[in-house]
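Spelled out, the chains give:
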Amino acid sequence: MATLPSRGLMQGNSRPPFQLLFIIFIVLFLIFISWYMTYESVMEDTVDQLKLYLMISPLLLLLAVRCCWSKTGIPTIPLPPSEPNAIHRAGSSPWGVGLLVILLLLMISYQSTFHDHWFPLLRRN
């Protein structure tokens, strides 16, 4: 039987052809791009869930501390005893009221921005 002549592809010190390396590079690049797109969408979902958790965590922490310090284990809010005409004696600073009005006006004017940053899961597409 006749054997085919060897072209040097099976020898130990020969390099693969440039075209084969280029094709392997393109295939690996396409695999990386598809993996990155999947990774990016998973990371966006994770960040959205993390933002929601970070919004709720201070409230949960306060409730946990309140339950631990409470004698009954049920969170309660202590209210001072009411006095007659107490509402008429309670004064407030005009500077505090002014700052509160300015804060509310800023929040109303930038309402959509606050909604996008604070509540990304409730965003309407």
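Residues numbered from 1 in each chain as written. Predicted model: local features only at pLDDT ≥ 70, side-chain atom pairs only at ≥ 80, totals over all residues. Heavy atoms only, no water.

Right, let's get into the overall build of the chain. Each helix and strand counted, the chain has four helices and zero strands in total. Each helix and strand of the chain, placed in order from N terminus to C terminus, yields the pattern α-α-α-α. Classification of the 125 residues of the chain by burial places 3% in the buried group. With the model as given, the accessible surface of the chain reaches about 12,500 Å², and the carbon-plus-sulfur share is 71%. (Helix = DSSP H or I, 4+ residues; strand = E, 2+ residues; numbered from the N terminus. Buried < 20%, exposed > 50% of the residue type's maximum accessible area, 1.4 Å probe, protein only. Areas by Shrake-Rupley, 256 points an atom, 1.4 Å probe, with all protein chains shown as cover.)

Chain-level pLDDT for the chain is 75 on average; 67% of the residues reach the 70-or-more range. Taking the mean pLDDT of every element in the chain, the minimum, 56, falls on helix H2 (residues 86-89) and the maximum, 84, on helix H1 (residues 18-69). (pLDDT = per-residue confidence, 0-100.)

Here we come to the packing of aromatic side chains. Tallied over the full model, the rule gives five aromatic pairs. Arranged with centres 6.4 Å apart and planes meeting at 25°, the rings of Phe-18 and Phe-22 form a pair that is stacked. Within this pair, Phe-18 and its partner Phe-22 are both found in helix H1, separated by four residues, close to a single helical turn. Residue class for Phe-18 comes out exposed when judged on its relative accessible area of 64%. Look at Trp-35 and Tyr-39: their rings are 5.3 Å apart centre to centre, the planes differ by 15°, and that puts the pair in the stacked class. Here Trp-35 and its partner Tyr-39 are both found in helix H1, four residues apart, which amounts to about one turn of the helix. The class for Tyr-39 is partly exposed, based on a relative accessible area of 40%. Among the aromatic residues, those joined into a ring-pair cluster are Phe-32, Trp-35, Tyr-36 and Tyr-39. (Phe/Tyr/Trp six-rings, centres within 6.5 Å; stacked < 30°, edge-to-face > 60°.)

All right, on to the packing of helix H3 (residues 94-109) against helix H4 (residues 111-118) then. One way to put it is that H3 packs onto H4 with a least axis distance of 4 Å and a crossing angle of 75°. Of the possible angle classes, the one that applies to H3 and H4 is roughly perpendicular. Across the interface between the two elements, Leu-106, Met-107, Ile-108 and Ser-109 of H3 pack against Gln-111, Phe-114 and Trp-118 of H4. (Axes fitted to C-alpha atoms, helices over the stretch in contact; angles between N-to-C directions. Parallel < 35°, antiparallel > 145°, perpendicular 65-115°, else oblique. Contact = heavy atoms within 4.5 Å.)

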